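Descriptive analysis of the structure
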Amino acid sequence: MDLYEYQARQLLEEQGIDTPHGIFAQNSHEVAEAADKIGYPCVIKAQVRTGHRGQAGGVKLAKDQDEAILSSEQILPMTIRGHKVSGVLVAEAKNVLHEYYVSISLDRSSRDFDVLATANGGTEVEEIAKEHPESVKRLHISALEDFDIEAARKMAESIGFYHADVDQAADVLLKMWKCFKDNDATLVEINPLAKIGDPDDESTKKLCALDAKISLDDNAAFRHDDWKRFADTSHTDLFEERAKQHGLHYVHLKGEVGVIGNGAGLVMSSLDAVSGAGEEQGSGVKPANFLDIGGGASAEVMSTSLSIVLSDPQVESVFVNVYGGITACDEVARGILAALDELNASKPIVVRFDGNAAQEGLKILKDADNPNIHVSDTMEKAAAQAARLAEPGKETN
Ligand code: GDP
Ligand code: MN
C-alpha cells in the first residue's frame, strides 16, 4: 500500500523526524481555513499516489489566502499521470538552502535493505542519477546487523552528506530505519531532505523532510491495526456529484442555509456572514453548502445551482449573493425564476444584488411577485434574514 505524502509525513513525525507543519484539505473552504492556520507563505501540494507532482504543476507556493484558494482550485481537479488528486496538503513553506535525497528500500532478492542517497536531491533526481550515476551512493543495511548511531554516522559520511550535516543526517537515517522496521515498510523515501533556514544565521539551519514517500508491505497488514487510518476516506456526496457534473464548485456543509454566490471569496464571506448571524440570533443556524457560480454565469447556470441547493432536504432557506461584474444580475434573476418555475419550491430565498445590472435584476424579481423571494440591499442584512428564515418553525414570510 502506497501512502499519500500527508500520511507518510505522519509516520516520519512519529519517529521524531522534522517535517514542516501541514494540514490535509479537500475543498477551497478547508484550504482557506488550513492556510490561515499554517500562515503565509505556504505550499499547496497535490496529494496523489505518484511522484513528480512538482513537474506536473501539483506543488504551488501561496503568499496569501487568495493565492492558496486559487492554487487549490487548480490542483484539486487534476489527474497526475493517471492518478486523481484526492486532496491537497497545505504546508508551511520553508526557505530551502539545499536538497538531499535519501531512501531505504527492501531488496527482496538479497533479503537486505538498500540505502540510496545523493547530495543532489530534488525534482530532477532521476535525471541527475542517469547523467551522473557516480553522484548516487548505494549502501546496505543487513537484516542481521545492528544499525546504530555509529553505523548511521559512517553511512551519512560515505553517502555524501556535507560535513556540517553529518550528525543530523545520521539521526535522520536512524529514524528512517526505525520507521521502516516499525511499520513493515518496503520503501521510505525523503526527497527533498532539505537543509532549511536563514542563510546568514547558522543556528537556524537544519535538515527537514519536505516530501516523503512510504510504501507498506500489504502482507504485514494483519499486525497493523493502525493502518485502518490510511484507508481512503473519499466518500461520494450526491449533491457534490451532481454539482460536479455541471462543472460547479460546490461543497456540502452541515447547516441549514443554502449559499450561492459568484467568486470563491464572496461565497466564503457569505458563509461567514450566515454563521455570524446564526450565532448572533442565538439559533446556531449555519450554511448548508458552498456554491460558487463563477464569473459570467448564465441564467441556466444559476437555475441549475438553485435546483441543486433547493433539492437538499437540509436546506431551510437560501441566500443568493451576487456582485455583478462579468456576471450580470438580470441573468441571475432570470435563472432564479426559471428554477422556481420548474421546482414549485416553497423555501424562502433571500437575494442581494450589487454591481452589473443589479437594478434590472431586482426589477425582474419584483415583477415576478413571488412571496418566497426576498431582497435585501446589503450582505449582512441578507445573511441575517436568511438565517432567521432558516430557524426551525419559522414561517416562510
Ligand atoms: P514531488 O515533485 O512530487 O517530488 O513534490 P515535492 O514535495 O518534492 O516538491 C517538489 C519541489 O518543490 C521540491 O523539490 C522543492 O524544491 C519544492 N518545495 C516543496 N516544498 C517546499 C517548501 O516548503 N519551500 C520551498 N522553497 N520549496 C519547496
Ligand atoms: Mn519530492
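Residues numbered from 1 in each chain as written. Chains lettered and ligands numbered in written order. Predicted model: local features only at pLDDT ≥ 70, side-chain atom pairs only at ≥ 80, totals over all residues. Heavy atoms only, no water.

Some details on the site of ligand 1
Definition in use: For this description, a residue counts as near a given molecule or strand if any of its non-hydrogen atoms is within 4 Å of it. Side-chain atoms alone can form a polar contact between residues adjacent in sequence; in general such a contact is a pair of N or O atoms within 3.5 Å, and within protein one must be able to donate a hydrogen while the other accepts it. A 1.4 Å probe that fits but cannot get out identifies a cavity on a 1 Å grid over protein atoms alone, an open set with protein on both sides within 12 Å along at least five of seven lines counts as a pocket, and a residue lines either if it has an atom within 4 Å of a point. Any molecule with more than half of its atoms within 2 Å of a cavity's or pocket's grid points is counted as sitting in it.
In the vicinity of ligand 1 lie 17 residues, with K45, R53, G54, K94 and E99 positioned nearest. In the environment of ligand 1, an oxygen atom lies 2.6 Å from a nitrogen or oxygen atom belonging to the side chain of E99. Between ligand 1 and N191, the relevant distance is 3.2 Å, taken from an oxygen atom to a main-chain nitrogen or oxygen of the residue. The cavity where ligand 1 resides is the second largest pocket.

Quick word on the layout of surface pockets
For the record, the criterion: Grid points are joined across faces, edges and corners, and a volume is the space filled by probe spheres set on the points. Polarity classes work like this: nonpolar for Ala, Val, Leu, Ile, Met, Phe, Trp, Tyr, Cys and Pro, charged for Asp, Glu, Lys and Arg, and polar for all others, with Gly in that last group. What counts as a domain boundary in this text is fixed by an automatic or database domain assignment.
Quantified by volume, the largest pocket comes out at close to 1,400 Å³. Every residue lining the largest pocket is counted, 42 residues in all, and those nearest its centre are Q26, N27, E240, Y250 and V251. A class-by-class count of the residues in the lining of the largest pocket yields 14 nonpolar, 16 polar and 12 charged. Looking at which domains feed residues into the lining of the largest pocket, each of domain 2 (22-93) and domain 3 (238-389) gives three or more.

Quick notes on the coordination of the manganese ion (ligand 2)
Short version of the rule: Metal donors: N, O and S atoms at distances within 2.8 Å, or within 3.2 Å for Na, K and Ca, with water omitted from the atom set so that some sites may seem incomplete. A helix here means a DSSP run of H or I that spans at least four residues, while a strand means a run of E at least two residues long, and both kinds are numbered starting from the N terminus. Whether a residue is buried, partly exposed or exposed follows from its accessible area with a 1.4 Å probe, protein chains only, as a fraction of its type maximum: under 20%, in between, or over 50%, in that order.
Looking at the metal site, the manganese ion (ligand 2) is ligated by N191 (O) and D211 (OD), spaced 2.2 to 2.3 Å from it. With a gap of 20 residues between them, N191 in strand β10 (residues 185-196) and D211 in the loop between β11 (206-209) and β12 (212-216) connect regions that are remote in the sequence. A single burial state applies to N191 and to D211, both of which are buried.

A short note on the packing of helix α10 (residues 329-343) against helix α11 (residues 358-368)
Quick reminder of the rule: Axes here mean lines fitted to C-alpha atoms, for a helix over just the part in contact, with angles spanning 0 to 180 degrees between N-to-C directions. For classification purposes, angles smaller than 35 degrees are called roughly parallel, those larger than 145 roughly antiparallel, those between 65 and 115 roughly perpendicular, and all remaining angles oblique. Crossings are assigned a handedness: left-handed for a near helix turned anticlockwise from the far helix by less than a right angle, right-handed for a clockwise turn. Residue contacts follow a heavy-atom distance rule, with two residues in contact if any of their heavy atoms lie within 4.5 Å.
Between α10 and α11, the least distance of the axes is 7 Å, while the angle of their chain directions is 25°. Overall, the two elements α10 and α11 adopt an arrangement that is roughly parallel. In terms of crossing hand, the pair formed by α10 and α11 is right-handed. Counted together, C329, D330, A333, R334 and L337 of α10 and A358, E360, G361, I364, L365 and A368 of α11 form the full contact between these two elements. Across the contact of α10 with α11, the residue classes break down as 7 nonpolar, 1 polar and 3 charged.

Topic: the pairing of strand β6 (residues 87-92)
As a reminder, the rule being used: We call two strands paired when DSSP finds no fewer than two bridges between them.
Within β6, 5 of the 6 residues are buried, leaving the element largely enclosed by the surrounding structure. When strand β2 (residues 42-47) meets β6, the two strands line up antiparallel, connected through 6 bridges. When the bridges of β6 are listed, V43 appears paired with A91.

So, the packing of aromatic side chains
The following threshold applies: When two rings of Phe, Tyr or Trp (its six-membered ring) have centres within 6.5 Å they constitute a pair, described as stacked for plane angles under 30 degrees, edge-to-face for angles over 60, and tilted for the intermediate range. Only when the NZ of Lys or the CZ of Arg is both within 6 Å of the ring centre and within 35 degrees of the ring normal is a charge said to sit over the ring.
This model, assessed by the stated rule, comprises 8 aromatic pairs. Between the aromatic rings of Y6 and F24, the centroid separation amounts to 4.0 Å while the plane-to-plane angle is 10°, which identifies the pairing as stacked. One end of the pair, Y6, is in helix α1 (residues 5-14); the other, F24, is in strand β1 (residues 22-25), with 18 residues separating them in the sequence. Using a relative accessible area of 18% as the deciding quantity, one classes Y6 as buried. Between Y100 and F161, the aromatic rings sit 4.3 Å apart at their centres with planes inclined by 35°, giving tilted as the arrangement. Note that Y100 is positioned in strand β7 (residues 96-107) and F161 in the loop between α5 (149-158) and α6 (166-182), a separation of 61 residues in sequence. Residue Y100 is classed as buried on the basis of its relative accessible area, which comes to 1%. The exposure class assigned to F161 is buried, which follows from its relative accessible area of 7%. By way of ring pairs, the aromatic residues F113, F147, W177 and F180 are connected into one cluster. The ring of Y4 has R49 sitting right over it, with the charged end atom 4.2 Å from the ring centre.

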